[in-house]
Amino acid sequence: LLGRASLLVSAALKEGRVAPTELCQRCLSLIKSTKFLNAYITVAEETALKQAEESEKRYKRGQPLGVLDGIPIAVKDNFNTAGIETTCASNMLKGYISPYNATVVQKLLDQGAVLLGKTNLDEFAMGSGSTDGVFGPVRNPWSYSRQYKEKSVPKSHSEDKDSNWVITGGSSGGSAAAVSSFTCFAALGSDTGGSTRNPAAHCGVVGLKPTYGLISRHGLIPLVNSMDVPGILTRCVDDAAVVLGSLAGHDPKDSTTIQDNFKPFELSDLTDVSKLSIGIPKEYHAPGLSSEILALWSKAADLFKNAGAKVIEVSLPHTRYSIVCYHVLCTAEVASNMARFDGLEYGHRSDMNKSTESMYAATRREGFNDVVRGRILSGNYFLLKQNYENYFIKAQKVRRLIANDFVKVFGSGVDILLTPTTLSDAIPYMEFIKEDNRTRSAQDDILTQAANMAGLPAINVPTALSERGLPVGLQFIGRSFQEKQLLTVAKWFEKQVKFPMIQLDEVKRHDHGVFQHQKSASFLEHRT
Amino acid sequence: LCLWGHPYLNSIFLLFFFFFSLTPWVPVVGLEIHAQISSNSKLFSGSQVQFAAPPNSLVSFFDASLPGTLPVLNRRCVEAAVMTGLALNCSINKKSLFDRKHYFYADLPAGYQITQQRVPIAVNGSLSYSLCIDNKMSQMVTKTVRIKQIQLEQDSGKSLHDDVRSQTLVDLNRAGVGLMEVVMEPDMCCGEEAAAAVRELQLILQTLGSSQAVMAEGQLRVDANVSVHHPGEPYGVRTEVKNINSIRFLAKAVDYEIERQIEELESGGTILNETRAFDSKLGCTVPMRDKEGKQDYRFMPEPNLPPLILYNARSLPANMNHQQVVNIDWIHERLPDLPSVKRAKLVEQYGILPEHSFTLLNEAGLTEFFEDVIKQTQMKPKKVIGWILNDLLSYLKQHSLTVKESPVSSFLLADLLNRLEKKEISSTAAKQVFAELWKGEGKTPLEIVKEKKLQLIQDQEDLERICQAVIDGQENEVIICQCRKDGVLALPHLLGRTRSSLPGSLV
């Protein structure tokens, strides 16, 4: 049951085949037995059970609040949750309890969702591995799957068996791991340069980054305000559409949300793709792209072609400047956004009290990790009067060019762009930490961040397992506010590729009888 | 070698000295004025705006910069700025932008202030103001100062330093209150001008209701940029004078600073580009401890606020919700009469002198009082104004009262003036009645007149009898003597005698 799509579970709840409290209990005990994944920073057991009880009452009265009523969810720990610690995986906010709910959290609660807890991330969402938070790295559930264990051969017997575990990607690695290991049905992430889609790809789940302005950012602790979007992580595309429908729309508390009314939609099954025009941007054939993923990408293109869709190569010429541009804009906003953490109003405050200035300095040194401090320093450098024109203004112009690339391509009749989400499958933690955070972020965001620059909706669809038995995903990028079309195509693709279900012993133990042994028919195996 | 003994060098020195002491210094004064917007809630949050509320009682999550909170622009503040811009003849930018200005300070919780650095809401305006020459009310000149821009920005909180316990207490009630920063070009040249310009601005803001503009409550804060130079030469190095909390002190501070700079330069010194504070007790400016020299504010666009778009009747989108848009034309049509127009109307309608119209407007509520009296009396406005300015106003000033607090209402004054006009009492008696009315004992003018026997004696015989008694009582010699020399001179003397012999009054 836990491995099912939330829509199916919702039906089960409605029919009384399972009670919300039972569902919540099962998730909570699975969280406990998968604690080694380090997916959660805070588990809100008590409030979750209370919410589940309330939900149960509503079902008994026959008045559930909607499809999400009673559905256990998790939220990345950079969204404010009233009464539940919000840490951003930073010493700066350790122990910080917000007095309010982020709009997206409130909306989920208003629809009866059960909030299990807060998920792990890179400190202040700065990273691409979910390895750089104060609560330690998140482990990819697939490291413990039968699929991975069978295919990965330990290099030597002397090596610690445990050292083989792979990263989740990030920065929403906790949310991706939580959904992937069946401890919740849906999770919120945030996506600034790929932070939802990247871990979704590595953990074999659906990761949706909606159009900028469609979902409120109020209550999301910002990384880059002009690019941040709450992300949605689910098991399947249909679930993503359901969650999107419950979150989207204007928020008077976020002036950057669109005024137009958003109508939630159900996804129909696409039977005919012949009217579709799929663009394959050649620049996404980036250096470092694994041959495995390249092959998968072209097979996906063939899949569309064979089904009658028009598949054409397109060019987004400014993509290669995206990383540098992103670096300047991101660090500048980080420098600004982090200025409020001075130890006065909330969060960590150093004992240093010689002067206000020395207290600020010590607080910020103790509160932030090297990555955050590094970005603050470079951001402030770019914003200096003598540098502003050469860095910030130029980066803004480049950003406009990148956005215009997309406008041109979509203007030429292309409906959806198809690209890889990541350069390769997830790599072992021990290998990942050989490079520093900056290098890793630059490499890992390369295929995802352009969508943030342009504010476009994009989704990762789990596609196949790699030779090492790890998930690989592909990304679809759509037109602004055309989520319905994007998700419809994604759903069609999802149906074709039949991504295999993760096989975890922990889940089996907790969900025996209900856990389905789906045939491990990966897209790659299928087609080759 | 004695240089001074050299005749040639000596003459150069003398020329030099001559040049500097005779060439006048030209002072240049520019102003930056922060006016707190009069609104129920703050610029970007819903918390209330109120003076002297208990510390930290008006602080929203946003005002305290809690992580994840976002600014939401207050429409009322935008309208107030547009109104002010229009009243100051500015062009209103249909699209303006918000920026972040970064600096660390305890009363700035976010570490940055949201302001309008690149494109402010209003630019290129002007303000006309009048001042009297040599303190003579009858000689007024009108001058104009250019307005560079008006920008919307957030106020900061307040830091209270407790030196004894070496701690700083922060009150965030003021944090995030909407401000209009009005930047005046350096078109003024003395304290008087600066004071007159600010007074006129204050009246305009109060007339519009866009700011209460009470300096004592910090709703109007003035910083003065002062420099001096010789004509034909570039502007001198300027200093910024802060901590000026009344218009009177503004004039003093600016004049002091001009004098100080001239003295400094004449004695061979230099002027530092620094911030100075006005010490109202000592009447001088002193250098302020600067925040670590020059600051780089690292401006950047505020990413959480879309550009502020304003509309006029032509550009107004048809299907737009009225609550969502600000229409410049709509605001323009509803602007109240500005002080200059009000003054002109008063002069035209009542035939009073222009300088009287200034006095009327300068005192809050005085114009209304004046007009109320006019409505209730047959006396000509030209005569009424004398009573308002010479009697009422001087009494108010003497007792430091506002017009509202006057113990003599417009009704009572009108009643009194009507009796004077009907010749029931003399003007001397009327002044006496006014003094009695001022005591605020609830008596009517008629009661006072009766009580004090102040009625005019209108019976011919009675008058003759009284006059005869006065003449009889005089030392005949003196009077006759005076009469012989100059009959006119003797009359006032006799009148004075007659007056003092009566409880009431004569004409």
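Quick caveat, the model's predicted, so the values are computed rather than measured. Along each chain, residues carry numbers from 1 onward, in the same order as the chain's sequence is written. To label them, take the chains in the order written and letter them from A, then take the ligands in the order written and number them from 1. In view of the model being predicted, local features appear only for residues whose pLDDT reaches at least 70, and side-chain atom pairs are presented and counted only at 80 or more, with totals across whole chains, interfaces and linings using the full set of residues. Just so you know, side-chain values use all the structure's heavy atoms and leave hydrogens and water out.

**Student:** For this particular structure, what's the right way to read the interface of chain A and chain B?
**Tutor:** Many structure descriptions define interface size as the accessible area lost when the parts assemble. Counting from both sides, the interface comprises 42 residues of chain A and, opposite them, 31 residues of chain B. The buried area of a pairing is the accessible area, by a 1.4 Å probe, that goes missing from both parts when the two are put together, added over both. Each partner contributes to the roughly 2800 Å² buried at the junction of chain A and chain B, and carbon and sulfur atoms together form 57% of this total. Any carboxyl oxygen of Asp or Glu that lies within 4 Å of a side-chain nitrogen of Lys or Arg is treated as forming a salt bridge with it. Linking chain A with chain B are zero salt bridges, by the criterion used here. Polar contact is the term for a pair of N or O atoms within 3.5 Å; when the atoms are in protein, one must be able to donate a hydrogen and the other to accept it, and sequence-neighboring residues count only if both atoms are side-chain atoms. Where chain A packs against chain B, one counts 18 residue pairs in polar contact (both at pLDDT 80 or more). Per the convention used, a helix needs a DSSP run of H or I reaching at least four residues, while a strand needs a run of E reaching at least two, with both numbered from the N terminus. Broken down by secondary-structure element, the contributors of at least two residues to the side of chain A that touches chain B are α10 (322-337), α11 (356-367), α12 (370-383) and α13 (385-411) of chain A. Contact criterion: two residues are considered in contact whenever any of their non-hydrogen atoms come within 4.5 Å of each other.

**Student:** Is there a simple way to explain the packing of helix α8 (residues 366-376) of chain B against helix α9 (residues 381-398) of chain B in this structure?
**Tutor:** In a pair of packed helices, the angle between the axes and the distance between the axes together describe the arrangement. Residue and element names in this part refer to chain B. Closest axis-to-axis distance for the α8/α9 pair is 10 Å, and the angle between their directions is 135 degrees. On the basis of their axis angle, the class for α8 and α9 is oblique. Judged by the twist between their axes, the crossing of α8 over α9 is right-handed. Together, Leu366, Phe369, Phe370, Val373 and Ile374 of α8 and Pro381, Val384, Ile385, Ile388, Leu389, Leu392 and Leu393 of α9 make up the contact between the two elements. Across the contact of α8 with α9, the residue classes tally to 12 nonpolar, no polar and no charged. Only the stretch in contact is used when a helix axis is fitted, and all axes are lines through C-alpha atoms; the angle between N-to-C directions ranges over 0 to 180 degrees. Each angle receives one of four descriptions, namely roughly parallel if under 35 degrees, roughly antiparallel if over 145, roughly perpendicular if within 65 to 115, and oblique otherwise. In this scheme the crossing of two helices becomes right-handed for a clockwise turn of the near helix relative to the far one and left-handed for an anticlockwise turn of less than a right angle. Amino acids are sorted into nonpolar (Ala, Val, Leu, Ile, Met, Phe, Trp, Tyr, Cys and Pro), charged (Asp, Glu, Lys and Arg) and polar (every other residue, Gly among them).

**Student:** What exactly am I supposed to notice about a negative patch on the surface here?
**Tutor:** All names here are of chain B. A contiguous patch of negative charge on the surface is contributed by Glu192, Asp255, Glu259, Glu263, Glu264 and Glu266. Residue contributions to the negative patch peak at five residues, all from helix α4 (residues 247-266). Assignment of secondary structure puts Glu266 in helix α4. Patch members must show over 30% relative accessible area and no salt bridge, and they are joined within 9 Å when carrying like charges or within 5 Å when they are nonpolar side chains of Val, Leu, Ile, Met, Phe, Trp or Tyr. Values of accessible area rely on a 1.4 Å probe in the Shrake-Rupley scheme; residue burial ignores everything except the protein chains shown. Only four residue types enter the charge count, namely Lys and Arg as positive and Asp and Glu as negative; His and the chain termini do not. Charge placement uses NZ in Lys and CZ in Arg. For Asp and Glu, CG and CD serve respectively.

**Student:** Looking at this structure, I do not really get the UniProt feature "active site" (unreviewed entry) in chain A. What am I missing?
**Tutor:** Residues and elements named next belong to chain A. Under the local residue numbering, the UniProt record ascribes the feature "active site" (unreviewed entry) to Lys76, Ser171 and Ser195. Spatial clustering of the annotated residues is evident: they stretch over 120 residues in sequence, but the largest pairwise C-alpha distance comes to 11.0 Å. Buried residues are those whose accessible area, probed at 1.4 Å on protein chains only, stays under 20% of the maximum for their type, while exposed residues exceed 50% and partly exposed ones sit between those limits. Classification of Ser171 as buried rests on a relative accessible area of 0%. Relative accessible area serves as the criterion here: at 6%, Ser195 is assigned to the buried category. The residues contacting Ser195, other than those within four sequence positions of it, are Lys76, Ala125, Gly127, Gly170, Ser171, Ser172 and Ser190. Within polar-contact distance, the side chain of Ser195 engages the side chain of Ser171 at 2.9 Å. UniProt positions are given in the numbering used here, feature names are shortened, and annotations may be inferred rather than shown by experiment.

**Student:** Explanation requested: the packing of helix α7 (residues 354-362) of chain B against α9 of chain B in the structure shown.
**Tutor:** Residues and elements named next belong to chain B. Relative to each other, α7 and α9 sit at 50 degrees, their axes nearing to 11 Å. One element, α7, and the other, α9, form an angle in the oblique class. For the element pair α7 and α9, the recorded crossing hand is left-handed. In this structure, α7 contributes His356, Thr359 and Leu360 to the contact, and α9 contributes Ile385, Ile388, Leu389 and Leu393. Split into classes, the residues belonging to the contact of α7 with α9 amount to five nonpolar, two polar and no charged.

**Student:** In this structure, what is going on with the domain arrangement of chain B? I would like to understand it.
**Tutor:** All names here are of chain B. A domain assignment, automatic or from a database, supplies the domain bounds used here. Splitting chain B by domain gives domain 1 (26-301), domain 2 (339-452) and domain 3 (460-501). Placing the centre of domain 1 and that of domain 2 at their C-alpha centroids yields a distance of 37 Å. In this complex, domain 1 contributes nine residues to the contact, which on the side of domain 2 involves 10 residues. When the two sides are added together, the surface that domain 1 and domain 2 hide from each other amounts to roughly 750 Å², 59% of it contributed by carbon and sulfur. Counting across the interface, domain 1 meets domain 2 through one salt bridge. One salt bridge in this structure joins Glu200 and Arg343, with 2.7 Å as the shortest N-O distance. The element that contributes the greatest number of residues to the side of domain 1 that touches domain 2 is helix α3 (residues 191-208), accounting for five residues. Here the side of domain 1 that touches domain 2 is composed, by residue class, of four nonpolar, three polar and two charged.

**Student:** Just to check I follow, could you spell out the packing of aromatic side chains for this structure?
**Tutor:** To describe a pair of aromatic rings, you give the distance between the ring centres and the angle between the ring planes. We call Phe, Tyr and Trp rings a pair once their centres come within 6.5 Å, taking the six-membered ring for Trp, and we label the pair stacked below 30 degrees between planes, edge-to-face above 60, and tilted otherwise. Going through the model one piece at a time under the given rule, you end up with 29 aromatic pairs over all chains. With a centroid separation of 6.5 Å and an interplanar angle of 75 degrees, the aromatic rings of Phe44 of chain B and Phe62 of chain B are classed as edge-to-face. Taken as a pair, Phe44 of chain B in the loop between β1 (26-36) and α2 (75-87) and Phe62 of chain B in the loop between β1 and α2 lie far apart in primary sequence, 18 residues in all. The class for Phe62 of chain B is buried, based on a relative accessible area of 16%. Ring pairs connect the aromatic residues Tyr96, Phe124, Phe341, Tyr346 and Phe368 of chain A, which therefore count as one cluster.

**Student:** Looking at this model, I keep getting lost on the confidence of the model for chain A. Mind explaining?
**Tutor:** In regions of low pLDDT, the predicted coordinates are not meant to be interpreted in detail. A residue-level look at chain A finds 94% of positions with pLDDT of 70 or above and a mean pLDDT of 92. Every residue in residues 512-528 of chain A scores below 50 in pLDDT, and together they form 41 contacts with partners more than four places removed in sequence or on other chains. One number per residue, pLDDT, summarises how confident the predictor is, and it ranges from 0 to 100.

**Student:** Sorry, what's going on with the sheet that holds strand β5 (residues 112-115) of chain B here?
**Tutor:** Strand pairing in a sheet is mediated by backbone hydrogen bonds. Such pairs are either parallel or antiparallel. Being paired, for any two strands, means DSSP has found at least two bridges between them. On the basis of which strands lie adjacent, the open sheet formed by three strands has the order β5-β4-β15 (chain B) and antiparallel pairing. Edge strands, defined here as strands with exactly one partner in the open sheet, are β5 and β15 (300-301) of chain B.

**Student:** For this particular structure, what's the right way to read the side chain of Ser47 of chain B?
**Tutor:** Residue and element names in this part refer to chain B. In this structure, Ser47 sits in the loop between β1 and α2. For Ser47, a relative accessible area of 10% puts it in the buried group. At 2.9 Å, the side chain of Ser47 and the side chain of Ser45 are in polar contact. Side-chain polar atoms of Ser47 contact the side chain of Asp63, separated by 2.3 Å. In contact with Ser47, not counting residues within four places along its chain, are Asn40, Ser41, Lys42, Leu58, Val59, Ser60 and Asp63.

**Student:** Got a minute to help me understand the pattern of salt bridges in this structure?
**Tutor:** Side chains carrying opposite charge are able to pair once their charged atoms draw close together. Applying the stated criterion to the full structure yields 43 salt bridges over all chains. Across the pair Arg468 of chain A and Asp425 of chain A runs a salt bridge whose closest N-O atoms are separated by 2.7 Å. One end of the pair, Arg468 of chain A, is in the loop between β10 (458-465) and β11 (471-477); the other, Asp425 of chain A, is in the loop between β9 (416-420) and α14 (429-432), and 43 residues separate them in sequence. The residue Asp155 of chain B makes a salt bridge to Arg174 of chain B at a minimum N-O spacing of 3.5 Å. Of the two residues, Asp155 of chain B is situated in the loop between β7 (140-154) and β8 (158-162) and Arg174 of chain B in the loop between β9 (167-171) and β10 (178-188); the sequence distance between them amounts to 19 residues. Connected through shared salt-bridge partners, Glu257, Arg260, Glu274 and Arg276 of chain B make up one network.

**Student:** What's the story with unusual backbone geometry in this structure? I'm lost.
**Tutor:** Trans peptide bonds make up the majority, and among non-glycine residues the majority have a negative phi. With omega at 10 degrees, the peptide bond leading from Gly170 of chain A into Ser171 of chain A counts as cis. Relative to the helices and strands, Ser171 of chain A resides in the loop between α5 (146-151) and α6 (173-180). Even without being a glycine, Asn243 of chain B presents a positive backbone phi close to 65 degrees. Note that Asn243 of chain B resides in strand β12 (residues 239-244). On the basis of relative accessible area, Asn243 of chain B is assigned to the partly exposed category, the value being 49%.

**Student:** Just checking my understanding: could you explain α8 of chain B for this structure?
**Tutor:** Residue and element names in this part refer to chain B. Those residues of α8 lying buried are Leu366, Thr367, Phe369, Phe370, Val373 and Ile374. Taken end-on, α8 shows its buried residues confined to a sector of 160 degrees, consistent with a single buried face. Among the structural elements, α6 (339-350), α7, α9 and α10 (410-421) are those in contact with the buried residues of α8. In this context, the arc is that of the directions from the helix axis out to the C-beta atoms.

**Student:** Would you explain the pairing of β10 of chain B in this entry?
**Tutor:** Working note: regular strand, side chains alternate between the two faces of the sheet. Residue and element names in this part refer to chain B. Where burial is concerned, most of β10 is hidden: eight out of the 11 residues are buried. Bridge count for β1 against β10 is seven bridges, and the pairing is antiparallel. Residue pairing in the sheet places His34 in a bridge with Glu181 of β10. In terms of strand pairing, β7 meets β10 through seven bridges, oriented antiparallel. Each residue of the ladder has a partner; that of Leu152, found in β10, is Met180.

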